[in-house]
Amino acid sequence: MATPFGEMVVGIDLGTQNTRCALMAKHQRMPDIVRNNFSLESTPSIVAFDEVRRHVGEEGALKISSRPKWAANFLRLLFSERSTADLDMTYTIEDGVFKTPRGDFNLPQLLSMLFQVVLGYSRKAVGAAEDELPAKVVVSVPQCFPAAKEQIVAALGILGFPKEKVLVCTDGTAAVLCYRGRRFETLAKTLDEAKPVAIVDVGHGYQTVCVFKAAREGVEVLSESSSPIGSATIDEAILSSIVKELQEKHNEPLKTKVKQYARMRKEAMKGKEIMSTLPQYAIHAEALTDTLDLKYDVTKDAIVAGAEPLVKALKENVAKTLAAASVTPDSLVEVETIGGGWRTPCVLDALKAAFATDTLCTHLDPVQSVAHGCALAGVMKKPTAPAAAAAPEEAAAPQQEQEKEAAEQAEKPAEPATGDVEMKGPEADGAPAPAPAGSPVSEEPEDTTNGVHFFDFGFSVESGVEPLADDEVKRMREVEIAMKKDEDEYHRRMNARNEFESYFLQLPQIGFDAKLTDEVMDKLNAKVKEFDEWLLGPEGEEATVEMFKEKLAAAKEDVAANFAQLNEHLEKKRLEEEARETERQQAMREARETREPKTDPQRVKAAQERKDQGVVLFKNEDYAQATTRFVQALTHLKDIYDLDKDDMKAKRDELALSCHLNIASASIKLERWAHAVKNCDQALDYDAKSAKALFRRGQARRHLSEFKAARDDLKKALELSGGDKLIAKELDVLEKTQAEQKKKDKAMYSKMFGGL
């Protein structure tokens, strides 16, 4: 039975450029990423305005070029309390207010507009009502933005969320929870047995470093630190160079031309991304101004120079976090990387140097992990505080019961990734007052100040921002309701107008199909002209929804009375369309029954079918679609519940192993090296001695220049396979590739330092 939306958790990763949303029910092992109306897994963090309505997300992104002054983007950066001028925005916020044609709005109001849209996608995903609230919403922000808590609570309050349904956690905490969920089967049973792990998240406008321990029993965050310096420093450096060149060579003050400046900002960001994989890139901007076509070469030196503030901050953050956790780089079992900013070669090299390692792991999805972790945070069990002052004899019996329960629990198999999870550092459904990094759960009753439950770990620095008064939040909610009512009415009117217009504009074509005589067609065209003149005249401009409906009904009566042959043709077409729609609905019902198996054997069968389809697509070299089929197979497998019945676990594991191996193979064909490594890791979770998984992971790691790790994988694969010739050949290729890389590095350093 499907979980009602009111019992689900929505996790929101409020990214600098894009926002991602994950949806989770308590019985799920891991959350599902919610797609937007464009079937994309992320939505631009943009709220734009015109004289009539708001444009949020993908619609808002279209306004960046046309009306940049009224398009608020990079909303997360506004938590830093820097001015929009300091942040080099194309829009202006004065005294905390963004002035638009639709009114004046503060940051909580802008956030509420974005949250309203992404929450709408979540409701749509499960068929929930427009005003239905989930059990909880969890939003993450970097630790360096403590003032964000109050802003987010206010934003969701504007949408009608009571404070107890809102949870705010740090990005590091969310990433840790996702790591535990993804790597659960490979983790130690207890925290005492667990070894420290580091996660580095390099985003567009921030960076986070977190050191923690993860075990099946829970997680312990040892230290977390973040900085409002991200890969945007590279974009800004490229953009500044372009501005300087245009001013000096062409006397074009680009900064004063808002549309062109916004356009070149996008080009600079694109250049940074491309230069993470290519040695050079040229920006071409045709018709940048009336008299200028721009060609600008982005060089490696420009990227390195732009990355200097980011690299410096990363090194400081890593050193500070390791010191606070009392951990040395060589004691870390893994360094996990997420976000997009770490892929720039000079940033990647800096991270490897800071952690004294040649290998950075990519087990987690680089862009979805934080959203996943937010959703996981919302389903974790609420900690129980002990009784305040129980007498010794009263406390003895409960203690004995707890010891008995703990002994019984120890004999049970490991729990899944959600549910009764111990959190040291951050806690579950509510949190105690901020505690030092790595400290156990406080013995004090949980802090529910103002009714708000926070993941307060990492927010030990007071923001100095007072929570918005309930009356102010109520006022802003009333503004939002009134605005939404106006916009809903606008959409209703436009829909009614479009329905009337599309009706009469199609009449000439229908008349032609109905083979009307020339005389009748002339009369019909005159009637269409009459309708069009009414629509474009004063009456049509001022018409309400009801007036459009009345006009449409009158037009249909007019056509029926004066064009009998046309009306008969229309009726025939209507009946044919109804018949086709009935067939479509029946086909959809049958397909849905096939796609949504109800029992475990049906799920295994459906997974096998999807896998077989993927194999056929793979053989036809359609690797992207093949990957989709393998992922669909895994989706069916993860819903299997009774793993102790009829060898169900063995069947599940065999199919899952095959699917992950196939995805890895397809990813290698598509040159998605990190994705290949991730799926090989998951395959090895099912079979630690899978030579195929080790071989493919070694191949992918070679392309990622992780030579030592690649060599270890390939040697082990060669041993397990009994000396497979293909694996031996790959080892030879690896040695040659590494030798060539060393030669290139030597030449580069010789060139760099030859004059010293």
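Since the model is a prediction, treat every value here as computed from it, not as a measurement.

(A) Main features of the packing of aromatic side chains. A complete count under the given rule lists 10 aromatic pairs for this structure. Taken together, a centroid distance of 6.0 Å and an interplanar angle of 65 degrees make the contact between F500 and F531 edge-to-face. Of the two residues, F500 sits in helix α11 (residues 470-505) while F531 sits in helix α13 (residues 518-536), which places them 31 residues apart along the sequence. Looking at F500, the relative accessible area reads 0%, which means it is buried. Here the aromatic rings of W534 and F548 are separated by 5.9 Å at their centres, their planes lie at 85 degrees, and the arrangement is edge-to-face. Within this pair, whereas W534 is found in helix α13, its partner F548 is found in helix α15 (residues 545-562), the two being separated by 14 residues in sequence. Just above the ring of F184 sits the side chain of R216; from NZ or CZ to the centre is 5.3 Å. It is K556 that lies over the ring of Y503; its NZ or CZ is 5.7 Å from the centre.

(B) Quick look at the nonpolar core. Ranked by internal contacts, the top residues of the largest apolar core, which has 48 residues, are F79, L110, F115, I152 and L156. Of all elements in the fold, only β1 (9-14), β2 (18-24), β5 (47-49), α2 (107-126), β11 (136-141), α3 (148-158) and β12 (166-170) reach the threshold of two or more residues within this core. Per-element tally for this core: the top contributor is α2, with nine residues. The residues contacting L156, other than those within four sequence positions of it, are F115, L119, V137, V139, F161 and V166. With 44 residues, the next largest nonpolar core counts Y261, L288, V318 and W342 among its residues.

(C) Examining the packing of α3 against α11 more closely. Direction vectors running N to C along α3 and α11 enclose 50 degrees, while the axes themselves pass 8 Å from each other. Between α3 and α11, the crossing angle belongs to the class labelled oblique. The hand of the α3/α11 crossing is right-handed. Across from A154, G157 and I158 in α3, the residues of α11 making contact are V473, M476, R477 and E480. Among the residues making up the contact of α3 with α11, the classes are represented as four nonpolar, one polar and two charged.

(D) Local environment of the environment of A147. Its location among the elements puts A147 in the loop between β11 and α3. Here the alpha-carbon distance between A147 and P467, two residues 320 residues apart in the chain, equals 9.4 Å.

(E) Focus on the sheet that holds strand β9 (residues 97-100). Strand order in the open sheet formed by three strands is β8-β9-β10, and the pairing between neighbours is antiparallel. The outermost strands of the open sheet, each flanked by one partner alone, are β8 (93-94) and β10 (103-105). Relative to β10, β9 is paired through three bridges, and the arrangement is antiparallel. The residue bridging F98 from the neighbouring strand is F105, located in β10. Sitting on the sheet, α2 is in contact with β9 and β10, with an inclination near 95 degrees to β10.

(F) Local environment of helix α6 (residues 258-274). With 17 residues, α6 extends 25 Å from end C-alpha to end C-alpha; this agrees with the ideal 24 Å at 1.5 Å per step. Residues Y261, A262, M264, R265, E267, A268, M269, G271 and K272 constitute the buried set of α6. Packed against the buried residues of α6 are α1 (58-66), α5 (232-250), β16 (281-289), β17 (292-298) and α7 (300-325).

(G) Molecular detail of unusual backbone geometry. Of note, the phi angle at A356 is positive, near 50 degrees, even though the residue is not glycine. With respect to the element layout, A356 can be found in the loop between α8 (345-354) and α9 (369-378). Classification of A356 as exposed rests on a relative accessible area of 65%. Phi at E671 is positive, roughly 60 degrees, even though this residue is not glycine. As for its position among the elements, E671 is in the loop between α19 (648-669) and α20 (673-686). Note on E671: relative accessible area 57%, which makes it exposed.

(H) Just the state of the cysteines, in detail. Here the structure, examined in full by the defined rule, presents zero disulfides. Free of any disulfide, C21 has its nearest neighbouring cysteine sulfur in C374, separated by 9.7 Å. Taking relative accessible area as the criterion, C21 reaches 4% and is therefore assigned buried.

Thresholds, definitions, all that
Residues numbered from 1 in each chain as written. Predicted model: local features only at pLDDT ≥ 70, side-chain atom pairs only at ≥ 80, totals over all residues. Heavy atoms only, no water. Phe/Tyr/Trp six-rings, centres within 6.5 Å; stacked < 30°, edge-to-face > 60°. Helix = DSSP H or I, 4+ residues; strand = E, 2+ residues; numbered from the N terminus. Buried < 20%, exposed > 50% of the residue type's maximum accessible area, 1.4 Å probe, protein only. Lys NZ or Arg CZ within 6 Å of the ring centre and 35° of its normal. Core = buried A, V, L, I, M, F, W, Y, C linked by side-chain atoms within 4.5 Å. Contact = heavy atoms within 4.5 Å. Axes fitted to C-alpha atoms, helices over the stretch in contact; angles between N-to-C directions. Parallel < 35°, antiparallel > 145°, perpendicular 65-115°, else oblique. Left-handed = near helix turned anticlockwise from the far one by under 90°. Nonpolar A, V, L, I, M, F, W, Y, C, P; charged D, E, K, R; others polar. Pairing = 2+ DSSP bridges. Expected span 1.5 Å × (residues − 1). Disulfide = S-S within 2.5 Å.

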